[in-house]
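# Reading the structure
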Amino acid sequence: MMRSSLSFAALKRKASSALGILSTVNFSKKESSVWLKDENKKMQMKIKHLFKASLIGLLLVIISNCTRSPEVLVINDAHLYVPLNGSMMTGGYLSVSNITKEPIEILEINCSPYRAEIHETKMDEKGIMKMERLQSIELNPGSKIIFVPGGKHIMFWGLSDFQEAYLDCSFKLKGKDSIMFKFEVLKRE
Ligand SMILES: [Cu+2]
């Protein structure tokens, strides 16, 4: 009777041991049987925890891949100067790099609720500097465009009373998700 119940318990343990390391152990003494049961439980807990941790890790990878759009443009040093006293407008500057292997077209900038446009300053045939609004900017694969005073720039309106350190904007891209970035707002000396 005792013998058959022991072997049944051993069989049960054998079945529940995930790694099968206990399958060759002889359960003849009660003490060792309890100890092994304990070890078996610990092992199962460890496996459970490992499984849980890897499941959470996998979920995190899936979530972060779904919510973060792959990087296509790298934007550096985006900054603007608060408007001069009495002026409604001011300029913003940055560099934009296309790190993909295909052309990327920037259609417009959005800094809502503030008005913003992509501009370029050019000299006309009479030698007069004028700025015009650009309808779009195309970046070739691997190319970089630097927005500088006297060249391409972002024109802002309505920032006279702007007090924050950063202004949130986004570039609308043709056929791709918009790129969000921040302009650092610099005070005039
Ligand atoms: Cu302008």
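Residues numbered from 1 in each chain as written. Predicted model: local features only at pLDDT ≥ 70, side-chain atom pairs only at ≥ 80, totals over all residues.

This brings us to the overall build of the protein. When its secondary structure is counted, the protein shows 2 helices and 10 strands. In the protein, the order of α-helices and β-strands from amino to carboxyl end is α-α-β-β-β-β-β-β-β-β-β-β. Within the span of the protein, comprising 189 residues, buried residues form 12% of the whole. For the protein, the proportion of contacts with a sequence separation of at least 24, taken over those separated by at least 6, is 60%. (Helix = DSSP H or I, 4+ residues; strand = E, 2+ residues; numbered from the N terminus. Buried ≥ 20, exposed ≤ 12 C-beta atoms within 10 Å, placed from the backbone. Contact = placed C-beta atoms within 7 Å.)

Looking now at unusual backbone geometry. The omega torsion across serine 112 and proline 113 is 10°, close enough to zero to call that bond cis. With respect to the element layout, proline 113 can be found in the loop between strand 3 (104-110) and strand 4 (115-123). Phi at aspartate 77 takes a positive value of approximately 55°, unusual for a residue other than glycine. Tracing the chain through its elements places aspartate 77 in strand 1 (residues 73-81).

Right, let's talk about the pairing of strand 8 (residues 152-157) for a bit. The sheet contact formed by strand 2 (residues 89-98) and strand 8 spans 4 bridges and is antiparallel. Within strand 8, the residue paired with glycine 91 across the bridge is methionine 155. Where strand 4 lies against strand 8, 6 bridges are found, and the strand directions are antiparallel. Bridge pairing in strand 8 links glutamate 120 to lysine 152. (Pairing = 2+ DSSP bridges.)

So, about the pairing of strand 5 (residues 129-133). Of all 5 residues in strand 5, 0 are buried, a share of ten percent or less. Sheet topology note: the strand 4/strand 5 ladder contains 5 bridges and is antiparallel. Each residue of the ladder has a partner; that of lysine 122, found in strand 5, is lysine 130. Here strand 4 hands over to strand 5 after 5 residues, with glycine 127 in that stretch at a positive phi of 80°.

With 18 residues, the main nonpolar core has Ile109, Cys111, Ala116, Ile154, Phe156, Leu167 and Cys169 as its most contacted residues. At the level of secondary structure, the elements contributing two or more residues to this core comprise strand 2, strand 3, strand 4, strand 8 and strand 9 (166-173). Discounting chain neighbours no more than four positions away, the residues touching alanine 116 are Ile109, Cys111, Ile154, Met155, Phe156 and Cys169. (Core = buried A, V, L, I, M, F, W, Y, C linked by C-beta atoms within 7 Å.)

Moving on to the confidence of the model for the protein. Averaged over all residues, the pLDDT of the protein is 82; the fraction at 70 or higher stands at 74%. Confidence over residues 1-6 falls short of pLDDT 50; this stretch has 1 contact with residues more than four positions distant or in other chains. The low-confidence segment residues 17-27, where pLDDT is below 50, has 17 contacts with residues more than four positions distant or belonging to other chains. (pLDDT = per-residue confidence, 0-100.)

Right, let's talk about the environment of lysine 182 for a bit. Within the secondary structure layout, lysine 182 lies in strand 10 (residues 179-186). On the basis of neighbour count, lysine 182 is assigned to the partly exposed category, with 15 C-beta atoms found within 10 Å. Linking lysine 182 and isoleucine 75, residues 107 residues apart in sequence, is a C-alpha distance of 9.3 Å. Beyond its immediate chain neighbours, meaning those up to four positions away, lysine 182 contacts Ala78, Tyr166, Leu167 and Asp168.

Topologically, glutamate 138 is positioned in strand 6 (residues 137-139). Separated by 32 residues in the primary sequence, glutamate 138 and isoleucine 106 have C-alpha atoms spaced 6.3 Å apart. Ignoring any residue separated from it by four or fewer positions in sequence, one finds glutamate 138 in contact with Pro103 and Glu105.

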